[in-house]
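Coordinate analysis (summary)
Each chain, letter by letter, is given below.
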Amino acid sequence: MNAAQLIGDWHALVVLFVAGVVPNQIWRMLGLWFGGGIDEGSELLVWVRAVATAILAGVIAQIVVQPPGALASVPDGLRYGAVAAGLVVFLLTRRSIFAGVVAGEVFMLAGKWWLG
Amino acid sequence: MALPPLDSPQWQSSWRAFAWGVRSITQTILTLVLFATYLGIGALAHDTHFSLLWALCSTLFVWAGPAQIILITTLGSGATIIQSAIAVTVSAIRLFPMVVSVLPLMRTPTTKRRELFFAAHLTAVTLWVECHRFLPLVPRERRIAFVNGLGFGLVSVCLTANIVGYFLAANLTQALGAAILLLTPLSFLFSTARNSREVADVVALALGILLYPLAAKMNSGLDILVSGVAAGTIAYGVHWWREVRA
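Being a predicted model, the structure only gives us computed values, none of them experimental.

Okay, the overall build of chain A next. If you tally the helices and strands in chain A, you get five helices and zero strands. In chain A, the order of α-helices and β-strands from amino to carboxyl end is α-α-α-α-α. For chain A, the C-alpha radius of gyration of 20 Å lies well beyond 13 Å, the compact-globule estimate for 116 residues. When its C-alpha atoms are laid out on the principal axes, chain A stretches across 55 × 45 × 20 Å. In chain A, which comprises 116 residues, the proportion classed as buried is 43%. Partitioning the contacts of chain A with sequence separation of at least 6, the portion at a separation of at least 24 is 30%.

Here it is as C-alpha cells:
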C-alpha cells in the first residue's frame, strides 16, 4: 500500500464531486427546499421509484455478469448459482437478508473450493 | 437497550439525545447489512483502482450505497463523467421523496431549514426506515439531535467498513476477495427485495436484473440507464394496469 493507493490524485476527487456528489446531493437539497408541497403517493413518484429500483437492479446484475477484480476469478455459473442459492434461502427464511447473504457466500466459497 | 421514556431528564440535553442516537445503531440488523455493503464498496474501490481517500470521501459526501456503486462501476468500466453523472442522478431521485417524508417527523414550528441540513444529508434508505421506527420514542424537540447521532454512528460504521474492505481486498486470497465483492450485490438484492411491498417494486427489481444483460449487448455506455428506464416503465405500466385503470 503506497501513497498513490491511499490518497490518489486530485483529479479523481474532482470527478467524484462532479459525477457523484453533486448529481446525488441535488435531490436531497431539493427535498429540503421544496419538501412541503409534494404528494408522496403521486403517480410521477411511483414511476420514479420504479425506475430507481430497476437501475439498482441493473447495478446488481452488472456486478454479477461483468464482475470486477477478484470476483472475475469465479466462473460464471458459480456466480449465478450463488445469487440463486441466496435468493432461495432468502425466500425460505421469510425474507431474512442475513440468511440470504450468508447462503450466497457459502455457496460460492464451497463451489470455489470444490472446483479447486 | 431501550430508549428512556419521553419525559425522562435524559432528553433535556441535545448532546444526550445525540448520544442516544449513536447508541441506537446497535439496535438494528440494518447496521450489519450496511457494514457488509460498505465492506464490499471498499473492496470494489480497491479492485477498480480508486484510492482509499476517494472511497472514504464518496461515503462521507455521497452517502448512498447504490450511487457509490454506480459511480465506481461506471467510471471503472470507462464511462464518461457525464454518463456516470446521469446514472447517479437518476438513482438518487428516490432520495427526494425520502427527504420529503422524513423531515416533517422532526420539524417543530420554530425549526429553521438550516437546522435540518445534516438530517437531509444523512437521509438514505437505512436512516429513513429507522426514523419511522425510533422517532415516535423521541421527544419532538430532540429528534434532530437524535437523528444526527444515529446518522453519525452509521457513517462511522461505514467508513470503518470501507477501510477494512479496502485492506482486505489488497491482502486476501482471491477466493475471499471475491466473497467480499459478492457481498454488495447480495445485500442490495435482498434489502431491496425486502423493501418491495408493491407488485411494481418486484417487477422493477426482477426485470431490471433480466434486462441489463440485453442492454449491455448494445454497448452504448448507458446500459444501466437503458435497462433501468425500460424495466421501470414496464413496472409502472403493471402498477397502472392494476391500480389506476381499475
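Taken together, the 90 residues of chain B in the interface contact 67 residues of chain A. Ranked by residues supplied to the side of chain B that touches chain A, first place goes to helix 10 (residues 174-195) of chain B with 19 residues. A per-class count over the side of chain B that touches chain A returns 62 nonpolar, 23 polar and five charged.

The next subject is the nonpolar core. One recurring pattern in soluble globular proteins is that nonpolar side chains are buried together. One finds A:Ile60 and B:Ala204 to be the most contacted residues of the largest nonpolar core, which totals 115 residues. The dominant element in this core, judged by the number of residues it contributes, is helix 3 (residues 43-65) of chain A, at 14 residues.

Bringing the UniProt feature "transmembrane region" (unreviewed entry) in chain A into the picture now. Residues and elements named next belong to chain A. Under the feature "transmembrane region" (unreviewed entry), the UniProt entry names residues 12-34, 46-65 and 77-92. Between the first and last C-alpha atoms of residues 12-34 the distance is 32 Å; the span itself is 100% helix and 0% strand. Across residues 77-92, helical content stands at 100% and strand content at 0%; the span's end C-alpha atoms are separated by 22 Å.

Residues and elements named next belong to chain B. The domains assigned to chain B are domain 1 (14-195) and domain 2 (196-246). Look at where the C-alpha atoms of domain 1 and domain 2 centre, and you get two points 24 Å apart. At the interface, nine residues of domain 1 touch seven residues of domain 2. Going through the elements one at a time, helix 5 (81-92) and helix 10 are the ones with two or more residues in the side of domain 1 that touches domain 2. Ranked by residue count, the leading element in the side of domain 1 that touches domain 2 is helix 5, at four residues. Class assignment of the residues belonging to the side of domain 1 that touches domain 2 gives a composition of six nonpolar, three polar and no charged.

A few words on the environment of B:Met218. Residue and element names in this part refer to chain B. The residue Met218 is located in helix 11 (residues 199-218) in this model. According to the C-beta neighbour criterion, Met218 is exposed, with 11 such atoms within 10 Å. If near-sequence neighbours (up to four positions away) are discounted, Met218 is found in contact with Asp223 and Val226.

All names here are of chain B. Residues at a pLDDT of 70 or more form 99% of chain B, whose mean pLDDT is 89. For chain B, the element scoring lowest by mean pLDDT is helix 6 (residues 95-102), at 81; helix 3 (residues 52-61) scores highest, at 97. This prediction of the complex comes with two scores: 0.81 for pTM and 0.85 for ipTM.

A few words now on the packing of helix 3 of chain A against helix 12 (residues 223-244) of chain B. Remark: helix 3 of chain A packs on helix 12 of chain B, axes separated minimally by 7 Å, with the N-to-C direction vectors making an angle of 135°. The orientation of helix 3 of chain A with respect to helix 12 of chain B, classified from their angle, is oblique. Crossing angle aside, the handedness with which helix 3 of chain A passes helix 12 of chain B is right-handed. Across the interface between the two elements, A:Val46, A:Trp47, A:Ala50, A:Val51, A:Thr53, A:Ala54, A:Ile55, A:Ala57, A:Gly58, A:Val59 and A:Gln62 of helix 3 of chain A pack against B:Ile224, B:Ser227, B:Gly228, B:Val229, B:Ala231, B:Gly232, B:Thr233, B:Ala235, B:Tyr236 and B:His239 of helix 12 of chain B. Grouping the amino acids of the contact of helix 3 of chain A with helix 12 of chain B by side-chain chemistry returns 13 nonpolar, eight polar and no charged.

Taken from the UniProt record, the annotation "transmembrane region" (unreviewed entry) applies to residues 20-41, 53-75, 81-106, 145-169, 175-192, 199-216 and 222-241 of chain B. For the annotated span residues 53-75 of chain B, helix accounts for 87% and strand for 0% of the residues, and the straight-line distance between the end C-alpha atoms is 16 Å.

On to helix 6 of chain B, then. Of all eight residues making up helix 6 of chain B, seven are buried, and the element is well covered by its neighbours. By the burial criterion, the buried members of helix 6 of chain B are B:Leu95, B:Phe96, B:Pro97, B:Met98, B:Val99, B:Val100 and B:Val102. If you follow the buried residues of helix 6 of chain B, they end up packed against helix 2 (10-34) and helix 3 of chain A together with helix 5, helix 7 (117-122) and helix 8 (125-134) of chain B.

The next point concerns unusual backbone geometry. A positive phi is found at A:Arg95, a non-glycine position, where the angle reads about 65°. Note that A:Arg95 resides in the loop between helix 4 (76-92) and helix 5 (97-115). Look at A:Arg95 and you get partly exposed, because 15 C-beta atoms sit within 10 Å. At B:His49, a residue that is not glycine, the phi angle is positive and equals roughly 70°. With respect to the helices and strands, B:His49 occurs in the loop between helix 2 (30-47) and helix 3. In this structure B:His49 comes out as partly exposed when scored by C-beta crowding, with 16 C-beta atoms within 10 Å.

Let us now look at helix 4 (residues 65-76) of chain B. All names here are of chain B. Its 12 residues give helix 4 an end-to-end C-alpha distance of 16 Å, which sits within 8% of 16 Å, the value for a rise of 1.5 Å per residue. The buried fraction of helix 4 amounts to 11 of the 12 residues, a majority that puts the element mostly inside the structure. Listing the buried residues of helix 4 in full gives Gly65, Pro66, Ala67, Gln68, Ile69, Ile70, Leu71, Ile72, Thr73, Thr74 and Leu75. Within two residues after helix 4, Gly78 carries a phi angle of roughly 90°, on the positive side.

Reading the values: rules and limits
Residues numbered from 1 in each chain as written. Chains lettered and ligands numbered in written order. Predicted model: local features only at pLDDT ≥ 70, side-chain atom pairs only at ≥ 80, totals over all residues. Helix = DSSP H or I, 4+ residues; strand = E, 2+ residues; numbered from the N terminus. Rg over C-alpha atoms; globule rule 2.2 N^0.38 Å. Buried ≥ 20, exposed ≤ 12 C-beta atoms within 10 Å, placed from the backbone. Contact = placed C-beta atoms within 7 Å. Nonpolar A, V, L, I, M, F, W, Y, C, P; charged D, E, K, R; others polar. Core = buried A, V, L, I, M, F, W, Y, C linked by C-beta atoms within 7 Å. UniProt positions renumbered as here; feature names shortened; annotations may be inferred. Domains from an automatic or database assignment. pLDDT = per-residue confidence, 0-100. Axes fitted to C-alpha atoms, helices over the stretch in contact; angles between N-to-C directions. Parallel < 35°, antiparallel > 145°, perpendicular 65-115°, else oblique. Left-handed = near helix turned anticlockwise from the far one by under 90°. Expected span 1.5 Å × (residues − 1).

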